[in-house]
Amino acid sequence: MKMTFYGQFVAGEDQEAIKPLIRRNQAFGVGAVLDYSVEEDLSAEEAERKELDSCTSAAEKEMGGAEQREKQYRAHRGFGDRRGGVISARTYFYADEAKCDQHMETFLRCIDASSGSSEDGFSAIKLTALGRPQFLLQFSEVLVKWRRFFHQMAAEQGQAGRAALEMKLEAEKLQTGQLEPLLSRFTEEEDLQMKRMLQRMDVLAKRATEKGVRLMVDAEQSYFQPAISRLTLEMQRRFNRDRAIIFNTYQCYLKEAYDNVTVDVELSRREGWHFGTKLVRGAYMEQERERAAQIGYEDPINPTYEKTNEMYHRCLDYILEEIKHSRKANVMVASHNEDTVKFTLRRMMELGIHPSEKKVYFGQLLGMCDQITFPLGQAGFPVYKYVPYGPVKEVLPYLSRRAQENRGFVQRANRERDLLWREVKRRLLAGSLFSPDH
């Protein structure tokens, strides 16, 4: 197993076993984003049961009322197993607070491993691993309603353009009207659970700061994402004063991606902290589309792949312009798309952003697109492999989905082989097979 699929896509079983691969990549100028990719191997029924239980509040279980939430921000039986249609992202289901503490300890070890195995490393975390998803659902709904309220007020005053920029969520301002029930009616235990979730995030951010490791907060489903982004932004405000330690993730398949990016960049500019982001296209497209269609709310995803590409380049260009003007923004271009990488390189050159400034990073998954990663590393660009690791048995759920994605792996491998063979022939004809200068 370790010599086959596991060896292709997973770096090793633990933080010691991954060191040789990380050192080997470093020799070619390639860094690491460490991602402990262990998942529970739950049946679909178990996953659904856990999800429905942990996304419903005690008050809703006792007296009903979940139907008063907007459709998008309710748990739905047919979509309780969040792994459906998802390939590259690992998934956590809430069991209890002790399990969340275990996840936090795992992430702490991952931060330590990143610090011990490489300079300027990243470590990836997921917020659904750190607490009850009920809070992310409820907080997301509050944020979306609050944003609508601000837009409505601003539009009435003829200031629609400023609405989003003025939105600062302060709890005392929420205790009015329709928003109150969403954050009230917590039991004492739920209140403690929410506080523990925030405390776990704080512990991870502090450890990352101490160790000089950047913390990459992964994006998740659109019904959790407003809360995840907001909580991440609050961490950025606290920990990104001197450099970008906390990185948020923006999914460019979302129709609202550009608005989200511009609002957060503007806030960082006004408050003087370092903006850090990873741009991705997105990992939940099939699931998001199906959920919106079946439950009956607007599809949050761009209508076509071309529109998502346009969105990606538009968001990226905005951040690159911000880097040119302030040098306080940082972006990881997490993409396997060669056109996107070429677009980034061209815009960096046009805007005078030198790779040595380490403001623009590139990222690809371990075992994929080496023909992009390693030439970038050799040319001096900051480039990283997303490096999953963990015991064979416990990363099998991740690997099984990776196998589905890579049914086209042979074709891509053939393409890489053809590119290498073409380069060998070119060097033979030029009489410079062993020269790195050509």
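Values in this document were obtained by computation on a predicted structure and should not be read as measured data.

### Quick look at the side chain of Lys-385
So, step 1. Here Lys-385 lies in strand β8 (residues 383–389).
So, step 2. A polar atom in the side chain of Lys-385 sits 2.6 Å from the backbone oxygen of Met-368.

### Details of the pairing of strand β1 (residues 30–36)
So, step 1. The buried count for β1 comes to seven of seven residues, which makes it a mostly enclosed element.
So, step 2. Here β1 shows no split at all, with Val-30, Ala-32, Leu-34 and Tyr-36 on one side and Gly-31, Val-33 and Asp-35 on the other all buried.
So, step 3. For β1 and β8, the ladder comprises seven bridges, and the chain directions are parallel. Bridge assignment links Val-30 to a residue of β8, and that residue is Val-383.
So, step 4. Bridge count for β1 against strand β2 (residues 122–125) is two bridges, and the pairing is parallel. Residue pairing for β2: Val-33 is matched across the bridge by Phe-122.

### What to know about the nonpolar core
So, step 1. Residues Leu-279, Leu-320, Val-360 and Phe-362 are the most contacted members of the largest nonpolar core, which totals 35 residues.
So, step 2. When contributions to this core are tallied by element, the ones reaching two or more residues are α10 (257–271), β5 (275–280), α12 (305–326), β6 (329–334), α13 (338–351), β7 (360–365) and α14 (370–378).
So, step 3. The element best represented in this core is α12, accounting for seven residues.
So, step 4. Those residues within four positions of Leu-320 in sequence are excluded, and the remaining contacts are Val-331, Arg-347, Met-348, Leu-351, Ile-353 and Val-360.
So, step 5. If you look at the next biggest cluster of nonpolar residues, it comprises 33 residues, including Leu-108, Ile-125, Leu-136 and Ala-227.

### Some words on unusual backbone geometry
So, step 1. For Lys-358, which is not a glycine, the phi torsion comes out positive at approximately 55°.
So, step 2. You can see Lys-358 is positioned in the loop between α13 and β7.
So, step 3. On the accessibility criterion, Lys-358 (43% relative accessible area) is partly exposed.
So, step 4. Look at Cys-369: it is not a glycine, yet its phi comes out positive at around 55°.
So, step 5. Note on Cys-369: relative accessible area 7%, which makes it buried.

### Observations concerning the sheet that holds β8
So, step 1. Strand order in the closed barrel formed by eight strands is β1-β2-β3-β4-β5-β6-β7-β8, and the pairing between neighbours is parallel. In this sheet, adjacent strand axes meet at a mean angle of 30° when their direction is disregarded.
So, step 2. Examined bridge by bridge, strand β4 (residues 246–251) and β5 share four bridges and lie parallel to one another. By the bridge assignment for β5, Thr-249 is matched with Lys-278.
So, step 3. Contacting β1, β2, β3 (214–217) and β8, helix α5 (residues 97–117) runs over the sheet at an angle of about 165° to β1.
So, step 4. Contacts between α13 and the sheet are confined to β6 and β7, with β7 contributing the most and set at about 170° to the helix.

Calculation criteria
- Residues numbered from 1 in each chain as written.
- Predicted model: local features only at pLDDT ≥ 70, side-chain atom pairs only at ≥ 80, totals over all residues.
- Heavy atoms only, no water.
- Helix = DSSP H or I, 4+ residues; strand = E, 2+ residues; numbered from the N terminus.
- Polar contact = N/O pair within 3.5 Å; in protein donor to acceptor, adjacent residues only side chain to side chain.
- Buried < 20%, exposed > 50% of the residue type's maximum accessible area, 1.4 Å probe, protein only.
- Pairing = 2+ DSSP bridges.
- Core = buried A, V, L, I, M, F, W, Y, C linked by side-chain atoms within 4.5 Å.
- Contact = heavy atoms within 4.5 Å.
- Axes fitted to C-alpha atoms, helices over the stretch in contact; angles between N-to-C directions.

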